[in-house]
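The residues making up each chain are set out below.
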Amino acid sequence: MTTADYDQASLPDLLPLYYRRLFPFSQYHRWLNYGGVTKNYFQNREFSFTLKDDIYVRYQSFSTQNELEKEMQKMNPYKIDIGAVYSHRPNQHNTVKSGSFQALEKELVFDIDMTDYDDVRSCCSGADICPKCWTLMTIAIRILDRALRDDFGFRHCLWVYSGRRGVHCWVCDEAARKLSVAARSAVAEYLSLVKGGDETVRKVVLSDPIHPFITESLTVVENYFSQYALLGQDILGSKEAVDKVLALLPEDVRKKLLQYFQTEKNPEKRWDTIRSMAQDKRMTAKKGHYFEMEIMLQYCYPRLDVNVSKGVNHLLKSPFSVHPKTGRISVPIDLRELDRFDPFEVPTISLICEELDQPKTEEEQDDNMENENKKEAGERRKMRDYKRTSLAKYVKLFDNFLEEMAHSRKGEVLKNSGECNLNP
Amino acid sequence: MDYLGLIINIFVSVAKTGNDRHAFTSSSRAEIRTLCGNWRESRQIDRSKASSLGKLSEARYRTMQFYSRRKKLIGNSQTEQLYGHCLQFYGQPPIENISLSEFETFAVDRLKLLKTVENLGVSYVKTSELYTKKLDAEFSNLNFPYKIEASTKDDWKPQTGPSEYEKRRKDHISHFILRLAYCQTEDLRRWFIQQEIDLFRYRFNDLPSKNIGQFLQYNNLHYHTISIDEKKKLMDKLVTSSFAVSGSTVDGKDFYKVPFQDALDLVRTRKVYLNGGYVYIPHQDIVTIVLNDFRTRLSKALALTARSLPAVQSDERLQPLLNHLSHAYVGQDYSIQKSIGKISLEQIDPLSAKSYPLCMRQLHRGLRDSHHLRHGGRMQYGLFLKGIGLTLDQALQFWRSEFVKGKVDADKFDKAYAYSIRHMFGKEGKRTDYTPYSCMKVILSNPPSQGDQHGCPFRHSDPELLKQKLQSYKVSPSGISQILELVKGMHYQLACQKYFELTHSIEDSGFSLNHPNQYFMESQKLLGGPGAGVKVEVKREDNPATKPPNPSPHQTPGPGNLPQEVAAEITEDLDSFFQDA
């Protein structure tokens, strides 16, 4: 059983436990310190806490990992958000001359929220999610991760489950952290294909030439489309759903299809027809007709909130923060196992607190012996504690991520010093 | 030495020339070096040294300077670096002394150039052949560097004869002078940046491709071209990324690899191939990138300059000069009234409806309605009337008859208002003959406040009110929306031009509007009226002239050594600045 019953009312009891024995402070600090390359990078970082009774405090900052720990253990925040690295310590921002206190750097972030897909998913709506529509997140992660890596050259993207109905991406490359507002907005625009609100029916419009980015993204969508859209969402099944699809098509095509659908009821076959009609049109008409691609993209392509990505000072929910409504921990997602990720298997705070109480197994006793020499008792206990819970594998993931970044940094240093050696 | 220090140095050295505007700069090399050291100290340098040089003639001085500069040229690597390329980003301010006259001439010439750029930009597509040809002509007229001279084997050595060097130096210095004049308000900055960008684009497009590479290198823009092999590999991707790129483009043109942060507009709209954080740009798009870079730099620089300006402005000799530059109208000034005395007072009302630009129509209406105009309105309209050919007597009669209908009796008029009208005509005080305001001046200076009628309606009126006014003048709804579009885009003079076209029922006005009197003259030309000037004399049917037309230019007082007509205009407008308080 992976989910202990979670009740929001028990948070005040669970949080102290979580922050004292489970939250991976050491890794957390290692992340935000970024190897200590830039002075005061950690110290000038803004955190914001949402406390009990919705009390919200901004401009929290800490000098050391220890200070961060003590404060969090004292405040027991319901939610933690991470903001930007500022020009001065955020907790002293009132003492700074107005205008001088500026947000300097922050990771490039993306927020994909399931509610943005309500117009194209039939299984759930609002804050609800289910295994069927979760595929949308899988598709989103695949498409965006590829683009961030291949097109933009970013190598350190941390994907995190938000705890309820979406995912976040933290792009931690140095170049990404230094991006200006204009640059972030440009990146977000580049990645946006679905445009328009409630009044817009046709939200994806493609024209010649089809940019390689779109082609790559379509390749990903095609892998999932049949299973997810035709089968799972049944977009060509019921009359209601079919009408929605037809609304995206040109008049003449729509008419022909209405006719054809009288007899053909199989969704796969129906889709094949739409496809071939599009291909035919492309052969004959002068202008490009890409409606079959537009449909696929409108139903599956990631919908991101540009505003989240644009602002350098935008606050975003921290990894390993608890989601108060669901109790789930915001855990990193393993891209190697992406298709197997199940948001309903993500540990809740109640679960892992419960797991803490389990008696020690033999394995763990052996581990203890090994670690005797390592650090002080407190540290040792902490290292043991989360390892005992379902949180362990996620912290390991995070560790790997941090290790890769450290490796990169070393590589950079070597490269630079190598250059220096060549030019005495 | 910081940027501010450098700029101040130039102007302090220029300024400290004693009372004679044509005394020349410091008389010895030693002084020059001291000046570059500490500007505060330099102010105390003995002025007598400067005047002891004696009054050399302009020509001799120039020759002297030329030779001394020539010596400086040879073996002066810094200047070589600065002027080694005919195009530059104007990153470094000039570090030398120039005379006051050179200062003015340079500035005025560049202003003329920028105005030409503006006018041509309005009338022609900016990359068309016609545009290029016309701009070429203006460049050579004004002695600015434009064409890379036929290359020698060694491109790095400035293939600059002294004349090319001179041109580049002029380009460099004049740009910085105009920065001082145009940094002060948002409007001015916008105008200046726009023209400098257009100018830059024109010159950049002219560079042969290896000079582009040189230019990029010079300016630390690390944009490298990709190899032929790489092009082959990426052929597909390049073609599908951009509408404008075909197979032959990839084969024929250079492609540059640019970090995506430097090409945000292309990334945002997905108009380019992006891979590994680099965009692959065909040559024609590199221009956009470089232009954006230039725009950003210039924008920042202007903001910086504006902050440093108070220090420079504290020098009284420069303040009027700079002020004038930012308002200078460098074209026909309509002080030469070709049609003087050809208009009768009875004609003014119908003329106001037919041939007045909107601003003057508004002023005339205001005058008729309230029998009064405030100072700003009197100046703007009064000078306009002079420009269309009213004589002093007519003007006095006109204003008196109107004011008397209001709260002013004849006596008061003669005492208070007649004087200023005579002043306008150069019959009082310093006897300077003021020139009618250009559009630039009307738009940019002295914005109207409550109760004022002057200014430019396209710039200063609330769009709703403007719309109503146009409706009342029977302009068609589609015409009105066209005008409002132009107003929204801040093209006030174009909006007025459109108004001209609509009220005269023609497609194309055929001229580029920058002066209300120009509007009047063009309109009269079209309608065959009396105010059109010399050409129309033959057709003239109506009122005989009360005075014979005065063809010779007014002899305006002022330092005679500045050759251009414009020089005269500079001086008299300077005076008007002192008056217009």
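Under the annotation held in an unreviewed UniProt entry, chain B carries the name DNA primase large subunit and is attributed to Oncorhynchus kisutch. Entered under Sequence similarities (unreviewed entry) in the UniProt record, the comment concerning chain B runs "Belongs to the eukaryotic-type primase large subunit family." Quoted verbatim from the Cofactor (unreviewed entry) field of the UniProt record, the comment on chain B reads "[4Fe-4S] cluster".

Per an unreviewed UniProt entry, chain A is named DNA primase, and its organism is Oncorhynchus kisutch. Recorded in UniProt for chain A, the comment headed Sequence similarities (unreviewed entry) runs: "Belongs to the eukaryotic-type primase small subunit family." According to UniProt, the comment filed for chain A under the heading Catalytic activity (unreviewed entry) is "ssDNA + n NTP = ssDNA/pppN(pN)n-1 hybrid + (n-1) diphosphate."

Draft legend 1. Spatial organisation of the sheet that holds strand β5 (residues 108-113) of chain A. All names here are of chain A. Reading across the sheet, the three strands line up as β5-β7-β6 and stay open at both edges, with antiparallel pairing between neighbours. One side of each edge strand has no neighbouring strand; the edge strands of this open sheet are β5 and β6 (157-161). On average, each strand axis in the sheet is tilted by 15° relative to the strand beside it, whichever way the strands run. Two strands pair when backbone bridges link them, and β6 and strand β7 (residues 166-171) are joined in this way by five bridges, in the antiparallel orientation. Pairing of L158 across the sheet is with W170, part of β7.

Draft legend 2. Region of interest: helix α18 (residues 358-370) of chain B. Residues and elements named next belong to chain B. Between its first and last C-alpha atoms α18 spans 18 Å; for 13 residues at 1.5 Å apiece the expected length is 18 Å, and the two agree. Burial within α18 is extensive, with 10 of its 13 residues counted as buried. Of the residues making up α18, those classed as buried are L358, C359, M360, R361, Q362, L363, H364, G366, L367 and R368. Following α18 by one or two positions, H371 has its phi on the positive side, about 55°.

Draft legend 3. Examining the side chain of D151(A) more closely. Relative to the assigned elements, D151(A) resides in helix α4 (residues 131-151). Under the relative-accessibility criterion, D151(A) is labelled buried at 5%.

Draft legend 4. Structural detail: the pairing of β7(A). Residue and element names in this part refer to chain A. In terms of burial, β7 is a largely internal element, six of the six residues being buried. Residues G166, H168 and W170 of β7 are buried on one face, and the alternating residues V167, C169 and V171, pointing to the opposite face, are buried as well. Relative to β7, β5 runs antiparallel, the two being bridged by six bridges. Among the inter-strand pairings, D113 is bridged to a residue of β7, identified as G166. What sits between β6 and β7 in their antiparallel hairpin is a turn of four residues, with G163 showing a positive phi close to 110°.

Draft legend 5. Seen up close, the pairing of strand β2 (residues 255-259) of chain B. Residues and elements named next belong to chain B. Summarising the sheet, strand β1 (residues 224-225) and β2 pair through two bridges and their orientation is antiparallel. Looking across to β2, one finds that T225 is bridged to Y256. Where β2 and strand β4 (residues 278-282) come together, five bridges link them in antiparallel fashion. Within β4, the residue paired with F255 across the bridge is P282.

Definitions and cut-offs
- Starting afresh in each chain, residues are numbered from 1 along the sequence in its written order.
- Each chain takes a letter, starting from A, and each ligand takes a number, starting from 1, following the order in which they are written.
- In keeping with the model being predicted, local features are shown solely for residues with a pLDDT of at least 70 and side-chain atom pairs are shown and tallied solely at 80 or more, while totals for entire chains, interfaces and linings include all residues.
- With hydrogens and water excluded, all non-hydrogen atoms of the structure serve as input to the side-chain values.
- UniProt positions are given in the numbering used here, feature names are shortened, and annotations may be inferred rather than shown by experiment.
- Here, any two strands with at least 2 DSSP bridges between them count as paired.
- What counts as a helix is a DSSP run of H or I of at least four residues, what counts as a strand is a run of E of at least two, and both are numbered from the N terminus.
- Here an angle of 0 to 180 degrees is reported between the N-to-C directions of two axes, which are lines fitted to C-alpha atoms, with helices fitted over the stretch in contact.
- Given a helix with a known number of residues, its expected span is that number minus one, times 1.5 Å.
- Note on exposure labels: buried denotes an accessible area under 20% of the residue type's maximum, exposed denotes more than 50%, and partly exposed covers the range between, all computed with a 1.4 Å probe on protein chains only.

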